[in-house]
Amino acid sequence: MDKNFQEEFTQIIKFKPPLYKQRHQFIKDLVEKYRPKKVADLGCADCSLLRMLKFCSCIEVLAGLDICANVMKEKMHTLSPLPVDYLQPSERSLTVTLHHGSVAHKDPCMLGFDLVTCIELIEHLEEPELKKFPEVVFGFMAPSIVVISTPNSEFNPLLPGVMLYRHPDHKFEWNQAQFQSWALETARCYDYSVEFTGVGHPPTGMEKAGFCTQIGVFVRKYPQAGESVQSEKPTEAVYKTVFKAVYPSLKDEKYLQNAVISEVIFTAQIIKHRLMSKREEYGDDPERKSKFQPSMDCFSDYLGKLVVEKNMEPFISGNEVYIPLATIFSFPKVNRLCGTFEKLCKLIAGKVTLSSDGSAVMFNIENEEN
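All residue numbers refer to position in the chain's written sequence, counted from 1. At least 70 in pLDDT is required for a residue's local features to be given in this predicted model, at least 80 for side-chain atom pairs to be given and counted, and no such filter applies to totals for whole chains, interfaces and linings, which use all residues. In computing side-chain values, all of the structure's heavy atoms are included and hydrogens and water are not.

Q: Outline the pairing of strand β3 (residues 95–100), supporting the account with residue identities and numerical values.
A: Across 6 bridges, strand β2 (residues 61–66) lies against β3 in parallel orientation. Among the inter-strand pairings, V61 is bridged to a residue of β3, identified as T95. Between any two strands, at least two bridges found by DSSP are needed for them to pair. The way it works is that DSSP assigns letters per residue, a run of H or I at least four long becomes a helix, a run of E at least two long becomes a strand, and they are numbered from the N terminus. Sheet topology note: the β3/strand β8 (residues 240–246) ladder contains 6 bridges and is antiparallel. Across the sheet, H99 pairs through a bridge with T241, a residue of β8.

Here's what the structure looks like:
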């Protein structure tokens, strides 16, 4: 719903933070607690909740559904990857999709979600839609957790300007007993438990009014029955996809390779810089220089190759600096990105200048010293 429309009625109450932000924070806290991978927001409107959830590291799939395509289209660009997402891809995958359709209809694209949120949605439904809603969400979609928030009509007398409902598009607004009765019956029918809470505390002395926004958190009691249940799911798509974004991820070999190459070069440059600084520090002093043997010696091809193969120490040979891949692989970030030494070698093959035997990153310092 239009959060600005609702918030104008709550200026005297002065919820801090604003009520819609409290609802969003409630969902974020729930995500941090249960760590769902797939989350769907029904009645996503301007996508503000989805924009917040895309930063939650556990979420790999985000989906939004709304009956009004124009509202989604106005803000859907805010769900697109930013340049920084390509420069620094995340270790997780993330796909964000927006669908145009009604929560009274079933579509297989909404199957398999861990968490489904319905924030200030049900009060916008006509009676026939509201009757179908439980079967679609709890029976068909059957996620592990469903969160439903709706206005608490007992709070309305405290909101200046509210005559009947808080928004002209509301078809009803329930008091606490009505919402809890509906929620308990829905939970019973579809094998869910439900706990009640809310956001927007009443003023001191008015505690009986309850929260401004009442919330029901439904948790499925038992896992789905499996193939027998899935076989009953219709396969016909009825929603129209209006937006889809696939974020760059290190799970994609292309982005992983770029990240590894950049990190290898960066790490090797740091090691080379330290090595060159040491050589300048020791200079021509024989005693001090001896402590830097064998790195300061000009090795024969054979000896240089032997050191690279048997020693993790970087060294200088003539105008060449050698940084063993084993040394680079020992750095935590490189190790985490690659997992194995073999994968490191595979990812940088042909992309980084290596020694003749491929065991060390090689730099020519002739031009740097001139």
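Q: Can you lay out the packing of aromatic side chains for me, pointing to particular residues and giving the numbers?
A: Aromatic rings from Phe, Tyr and Trp, taking only the six-membered ring of Trp, are treated as a pair when their centres fall within 6.5 Å; an angle between ring planes under 30 degrees marks them as stacked, one over 60 as edge-to-face, and anything in between as tilted. All chains considered together, the criterion is met by 13 aromatic pairs. Centroid distance F138 to Y190: 6.2 Å. Interplanar angle 25 degrees. Geometry classified as stacked. Here Y190 lies in the loop between α7 (176–189) and β6 (192–199) and F138 lies in helix α6 (residues 127–141), a separation of 52 residues in the sequence. Among the aromatic residues, ring-to-ring pairing joins F133, F172, W174, F179, W182 and F196 into one connected group. Criterion for a charge above a ring: Arg CZ or Lys NZ at most 6 Å from the ring centre, at most 35 degrees from the ring normal. The ring of F113 carries the charged tip of K38 above its face, separated from the ring centre by 5.1 Å.

Q: Got a sec to walk through the environment of V96? Specific residues and values, please.
A: Of note, V96 is situated in strand β3. Expressed as a C-alpha distance, the spacing of V96 and V61, which sit 35 residues apart in the sequence, is 6.1 Å. Excluding residues that lie within four positions of it along the chain, V96 makes contacts with L62, L79, F243, K244, A245 and Y247. Any two residues whose heavy atoms approach within 4.5 Å at even a single point are treated as in contact.

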